[in-house]
Every structure is written in structure tokens, then in C-alpha cells.
Amino acid sequence: MEDTFDKMQSQIDRLTETISSIMKFSQSSTVSRERINLNQIAQDVLLWMRPLSKYIPVDLIIDSNEIILSVDRIQISQVLVNLLKNAIEATELLPSDQQKNVELKIFINGNEAVCEVTNYHSYISPNDISELFHPFVSSKKGNTGIGLSIVKQIVEMHQGSIDVKSDQEKTVFTVKLPLYSQSN
Ligand SMILES: Nc1ncnc2c1ncn2[C@@H]1O[C@H](COP(=O)(O)OP(=O)(O)OP(=O)(O)O)[C@@H](O)[C@H]1O
Ligand SMILES: [Mg+2]
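Quick notes on the rules
- Residues numbered from 1 in each chain as written.
- Chains lettered and ligands numbered in written order.
- Predicted model: local features only at pLDDT ≥ 70, side-chain atom pairs only at ≥ 80, totals over all residues.
- Helix = DSSP H or I, 4+ residues; strand = E, 2+ residues; numbered from the N terminus.
- Buried ≥ 20, exposed ≤ 12 C-beta atoms within 10 Å, placed from the backbone.
- Contact = placed C-beta atoms within 7 Å.
- Core = buried A, V, L, I, M, F, W, Y, C linked by C-beta atoms within 7 Å.
- Near = placed C-beta within 6 Å.
- Arc of directions from axis to C-beta.

Q: Looking at this structure, how should I read the overall build of the chain?
A: Secondary structure summary: the chain contains five helices and seven strands in total. Mapped from its N terminus to its C terminus, the chain presents α and β elements in the order α-β-α-β-β-α-β-β-α-α-β-β. For the C-alpha atoms alone, the extent of the chain along its principal axes is close to 65 × 45 × 30 Å. Counting every position in the chain, which comprises 184 residues, the buried fraction comes to 23%. Taking contacts inside the chain between residues at least 6 apart in sequence as the whole, the part at least 24 apart equals 69%.

Structure, rendered in C-alpha cells:
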């Protein structure tokens, strides 16, 4: 019995090591920038996610026609996918009498593009918030807990920032990215 447990433990250690090295690799991976409209990325992401968001509608709120960034399109799509997936997964757990929708709001503030992903009634305590962006932190059965650590890495590689606010009413993840300028 102990033998089996030891074997499992060493397998877990090996797996953790492998995943850590993959993450180190991804950290050093390059950002392949192109000039692109963030609204376009958001619309594409919502299209891909349609099967997942079938029962939880995602409302896209855009207040400007063009939000031009110089970013890696795949990586920024990944950021939105991971955040929306979390918001949908949290919403799925709500009792049926609760508001069951998710919002993606995109706008310009000063020289930054802002993306806000909101879900309702899924309070995260300050204690949990401080751990959230670490890899392998998950409250879900069968999930790896890697989504937000990847989000953070990508956002930082793009000189952006990520912030989360949560109360009894709603949880909002806010990503800010520098707008396109001649220098990025
Ligand atoms: N929008 C949200 N509302 C409520 N809790 C959230 C939200 N986003 C993240 N969390 C909490 O943060 C934890 C970590 O999120 P993260 O995306 O890193 O991992 P995961 O979703 O559990 O697994 P994975 O992303 O690898 O499938 C989640 O397990 C959940 O407890
Ligand atoms: Mg996740």
C-alpha cells in the first residue's frame, strides 16, 4: 500500500516538474505581434466558445469601433478564452434561480484597452484571490488550475496588467493592455 502511495507521489512529482518546465518554456516564448482590432479578437473568441456558452450567454459590450493593439493574436485570444471559461464554469455552479450570464466589456481608457470579464454571485475571498494566479490552484474537480497563471504570463509579456475584484454581487477580472503606438 505504502509502495503504491510512494509510486503515485513520485509520479506526481515528475508531472509537476514536467509542467513547470513547460511553463518556463512558455514564459520565454516570443510574442509574435501584429496590429489588430481587439474587438475583432473578442468576436472571434465568442464564436469559438459558442458550444461552451450555449447555456450561459456571454454578452459582449463594445463602446468603440476600433481598439487597435500590437499583440500576439493567439495569446490574447487565449487570455479571453481562459477568463471567459472561468466565468462560465463559476456561473454553471449557481442555483437555478440566480442570474446566469457572463459579460465581456471592452473599452478604451486613456492610452489603454480595457477588457472586463464579469460573472455574478461567485464570491472569491481575499485569501483565495492572493493565490489565484499561482499554477495548480483550483477549486474544481478535474481541472489543472493553470488557466489564470497562463493569463498572467501572457498579459505581462504584453506590458499589460490584470486585476480581480470580487464581492457578493459579482466578480470582475480586468485586463489592461497598451494601445498600439509607433513604439510597440
Ligand atoms: N470568474 C471566476 N469566478 C469565481 N471563481 C473563479 C473565477 N475565475 C477563477 N476562479 C477561481 O480560481 C481558480 C483558479 O482558476 P484557473 O483558471 O487558474 O484554474 P481552473 O479554472 O481551476 O483550471 P484550468 O483553468 O486549468 O482549467 C478556479 O478554480 C476558481 O476557484
Ligand atoms: Mg480556468
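What follows continues from the structure just given.
Q: Please clarify how the nonpolar core should be interpreted in this entry.
A: Burial of nonpolar side chains together is a common tendency in soluble globular proteins. If you look at the biggest cluster of nonpolar residues, it comprises 31 residues, and the most contacted ones within it are Val-79, Leu-80, Leu-83 and Leu-84. Looking at this core, the elements with two or more residues in it are helix 2 (38-48), strand 3 (68-71), helix 3 (73-92), strand 4 (102-109), strand 5 (112-120), helix 5 (147-157) and strand 7 (170-178). If sequence neighbours within four positions are ignored, Leu-83 has contacts with Val-117, Val-151 and Phe-173.

Q: Is there a simple way to explain the site of ligand 1 in this structure?
A: Lining the immediate environment of ligand 1, one finds 20 residues, of which Asn-86, Ser-138, Asn-143, Gly-147 and Leu-148 sit closest. For the shell around ligand 1, the secondary structure elements donating two or more residues are helix 3 and helix 5. Looking at which element gives the most residues to the shell around ligand 1, the answer is helix 3, with four residues.

Q: What is the right way to look at helix 2 in this model?
A: For an α-helix the count is 3.6 residues per turn, leaving residues at separations of three or four pointing the same way. The complete set of buried residues in helix 2 reads Leu-38, Ile-41, Ala-42 and Val-45. End-on view of helix 2: buried residues confined to an arc of 100°, all on one side of the axis. Among the exposed residues of helix 2, those oriented more than 90 degrees off its buried face are Gln-40, Gln-43 and Leu-47. In the core, the buried residues of helix 2 are packed alongside strand 1 (34-37), strand 2 (58-62), strand 3, helix 3, strand 4 and strand 5.

Q: What is the right way to read the environment of Asn-82 from this model?
A: If you trace the backbone, Asn-82 turns up in helix 3. Sequence separation between Asn-82 and Ile-146 is 64 residues; the distance between their C-alpha atoms is 9.4 Å. In this structure Asn-82 touches Gly-147, Leu-148, Ile-150 and Val-151, once residues within four positions along its chain are discounted.

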